[in-house]
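Survey of secondary and tertiary structure
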Amino acid sequence: METIEISNITVELDQGGDRRAYIADFEEPIYYGMHGGVKDFYKRVPEVERPSTLDHIVAAAGG
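We now turn to the structure provided with this report. If you're wondering where the values come from, they're calculated on a predicted model, not measured in any experiment. (Residues numbered from 1 in each chain as written. Predicted model: local features only at pLDDT ≥ 70, side-chain atom pairs only at ≥ 80, totals over all residues. Heavy atoms only, no water.)

Observations regarding the sheet that holds strand S3 (residues 30-32)
We count it as follows: A pair of strands is treated as paired once DSSP finds two or more bridges between them. The secondary structure listing takes helices from DSSP runs of H or I that are at least 4 residues long and strands from runs of E that are at least 2 residues long, numbered from the N terminus. Helix axes are fitted to C-alpha atoms over the stretch in contact, other axes to C-alpha atoms as well, and angles between N-to-C directions run from 0 to 180 degrees.
Reading across from one edge, S1-S2-S3 is the order of the three strands in this open sheet, with antiparallel pairing throughout. Since the sheet does not close on itself, it has two edges, and those belong to strand S1 (9-13) and S3, each with one partner. Geometrically, the sheet is characterised by an average inter-axis angle of 20° between neighbouring strands, direction not taken into account. The sheet contact formed by strand S2 (residues 19-23) and S3 spans three bridges and is antiparallel. Bridge pairing links Arg19 to Tyr32 in S3.

Details of the pattern of salt bridges
Stated formally: In what follows, salt bridge is the name for a side-chain nitrogen of Lys or Arg lying within 4 Å of a carboxyl oxygen of Asp or Glu. Exposure classes here rest on a 1.4 Å probe applied to the protein chains alone. A residue is buried below 20% of its type maximum, exposed above 50%, and partly exposed in between.
Tallying each qualifying case throughout the model produces four salt bridges. Residue Arg20 pairs with Glu12 through a salt bridge whose shortest N-O separation is 3.2 Å. Overall, Glu12 belongs to the partly exposed group, its relative accessible area being 35%. Across the pair Glu49 and Lys39 runs a salt bridge whose closest N-O atoms are separated by 2.7 Å. Here Lys39 lies in helix H1 (residues 36-42) and Glu49 lies in the loop between H1 and helix H2 (53-62), a separation of 10 residues in the sequence.

What to know about the packing of aromatic side chains
Here is the rule we go by: Only centres within 6.5 Å qualify two rings of Phe, Tyr or Trp (six-membered ring in Trp) as a pair; their planes then separate them into stacked at under 30 degrees, edge-to-face at over 60, and tilted for everything else.
Counted under the stated rule, the structure contains one aromatic pair. Consider the rings of Phe41 and Tyr42, whose centres lie 5.0 Å apart with planes at 90°: the pair is edge-to-face. Across the pair, Tyr42 and Phe41 agree in class, each one exposed.

Fair warning: the whole summary comes from geometry, so function is off the table for now.
This is the structure:
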């Protein structure tokens, strides 16, 4: 089997719980955070509501 892609990603976590994912070959990071039921579950009030990592996983699986 031939390897066709290797993901090279760095994730940074800030104190508020937001994450920035830096993906090789892209200058701008992808931001992850929380909103809706996720923020309610964790009892957090984010400064900025952002899609969660779960949102991105579901979107990727659907696409």
